[in-house]
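Architecture and fold: a report
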Amino acid sequence: MTIHPKRLAWADLSTETIGRVLWANRRLVWLIGLAGALLGVAVALLLRPEYAAGARVMPELTDGSGDRLRQLASVAGFSGFDLADATDTETIRPDLYPNILQSTPFLLALIDQRVRLSQGDTTTVGQLIRPERSLIAQIGRWFGAGSRELAPPAGVRPGQPIRLSMRQKALIEAVGERVSARFDTRSGIITITARMPDASASATVAQLAMDYLQQYVVGYRTEKARQDLLFYRRQLADARQRYQTAQLRLFRHNDQHQRLFLQTATLERQRLTDELTLAQGLYTELARRYEQARLKVQERTPVFKVLEPPTVPLERVSPKRTLLVLLFGLGGLALGAGYVLTLAVDWPGWLTWRDLR
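Okay, so let's go over this structure. Just so it is clear, the model here is predicted, and its values are computed rather than measured. The residue numbering used here restarts from 1 in each chain and proceeds along that chain's sequence as written. Thresholds applied to this predicted model are a pLDDT of at least 70 for local features of residues and 80 or more for the giving and counting of side-chain atom pairs; totals over whole chains, interfaces and linings are not thresholded and use all residues. Note that the side-chain values use all heavy atoms of the structure and ignore hydrogens as well as water.

The salt bridge criterion pairs a side-chain nitrogen of Lys or Arg with a carboxyl oxygen of Asp or Glu, the two atoms within 4 Å. What the rule picks out here adds up to seven salt bridges. Of the charged contacts, one joins Arg178 and Glu50 as a salt bridge, the two residues approaching to 2.7 Å between their closest N and O atoms. Taken together, the positions of Arg178 in helix α8 (residues 166–178) and Glu50 in the loop between α2 (26–46) and β1 (51–59) put the pair 128 residues apart, joining distant regions of the chain. Exposure remark for Arg178: the relative accessible area of 11% places this residue in the buried category. The salt bridge involving Glu285 is made with Arg288; its shortest N-O contact spans 2.5 Å. Placement of the pair is Glu285 and Arg288 together in helix α10 (residues 263–300), with a separation of three residues, close to one helical turn. Look at Arg288 and you get buried, because its relative accessible area is 14%. Helix numbers and strand numbers start at the N terminus; a helix is a DSSP run of H or I with at least 4 residues, a strand a run of E with at least 2. Exposed residues in this analysis have more than 50% of their type's maximum accessible area, buried residues have under 20%, and partly exposed residues fall in between, with area computed by a 1.4 Å probe over protein chains only.

In structure tokens:
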């Protein structure tokens, strides 16, 4: 190569000059681009595949059961049952349902859930997506860098704050990014999506998320009614025992004084009769309220219609290996072009004006 006294400068790089420089060193540019494509192939093979499974649920948006209960109240009125209070329901807005699946208690419960993989093995969700299985961690283990085992997250105790380490918090955030829910305001349909490194595990996690959402909403809607039902059940048992005891005491008194006409016996009989009447009235009232509480639990239980159950995906959603190899190849070509232009300007003797003629 003959060196011309006048070297190529950055100010001389016009579009035509750049084209000539790249064409003169096209082999080097293509070689770097091929190396980038091969690197893309290696990265695409090392990245863990991701599978996404979804489910669609249509929750109860309107309280149609209240109308049915009002109709039942009109019939129950003839029997002495007052169901007017049972028509008051407490609902949770469906647009808040996605926030339930992003709560820390749900993510903590999901991390400890065991799922069956496509190969037949079982593991927990936390172990399946733990940071130690990432590409960077795998490369680090190849070079001798060890990894610490992730401690299981602490459980949720009612009335106490949740304490998590930084690694546990990172794991919870990773699970939160993989499980999501979206509420369509127009159709009223909730779409639950779970993305996992295993196809079978993604469908299982989507099912777990759907079950948790249904149980949470049902528990929220019926919690007060179930507490009332439990209270009335206990009070009814005590009232029944009191009523039966009062009956037994009155009958025993009548058996013992059936042929005696004493004023004291009459007074005792009257006292026992009053006690039996009071116990009977209390028992009847509690029985009425107990039946009312049972109806209220049923009335406040929301209905979830599963439109599309979770299915095991057949194709992965990431990585897009073809796109990844293409991007690495284009990046290699761009890097090769920049490298050639830098050599042409900064390295003496690499390229001169005579080489571009």
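After presenting the structure, the write-up continues.
Here we take up the pairing of strand β5 (residues 190–196). Of the two faces of β5, only the one carrying Ile190, Ile192, Ala194 and Met196 is buried; Thr191, Thr193 and Arg195 on the other face are not. The rule for pairing is simple: two strands pair if DSSP sees at least two bridges between them. Pairing geometry for β1 and β5, over seven bridges, is antiparallel. Within β5, the residue paired with Ala55 across the bridge is Ile192. Where strand β4 (residues 179–183) lies against β5, five bridges are found, and the strand directions are antiparallel. Bridging across to β5, Phe183 finds its partner in Ile190. The hairpin turn running from β4 into β5, its antiparallel successor, is six residues long, and Gly188 in that turn takes a positive phi close to 75 degrees.

Now for the pairing of β1. Where burial is concerned, the two faces of β1 differ: the one with Tyr51, Ala53, Ala55, Val57 and Pro59 is buried and the one with Ala52, Gly54, Arg56 and Met58 is not. Judged from the four bridges that link them, β1 and strand β6 (residues 304–308) form a sheet pairing that is antiparallel. When the sheet's bridge partners are listed, Val57 is paired in β6 with Val306.

The description of an aromatic ring pair rests on the distance of the ring centres and on the angle between the ring planes. For this analysis, a ring pair means two rings from Phe, Tyr or Trp (six-membered ring only for Trp) whose centres lie within 6.5 Å, classed as stacked if their planes differ by under 30 degrees, edge-to-face if by over 60, and tilted for the remaining angles. In total, this model carries five aromatic pairs according to the counting rule given. Grouped by ring-pair contacts, the aromatic residues Phe106, Tyr212 and Tyr216 constitute a single cluster.

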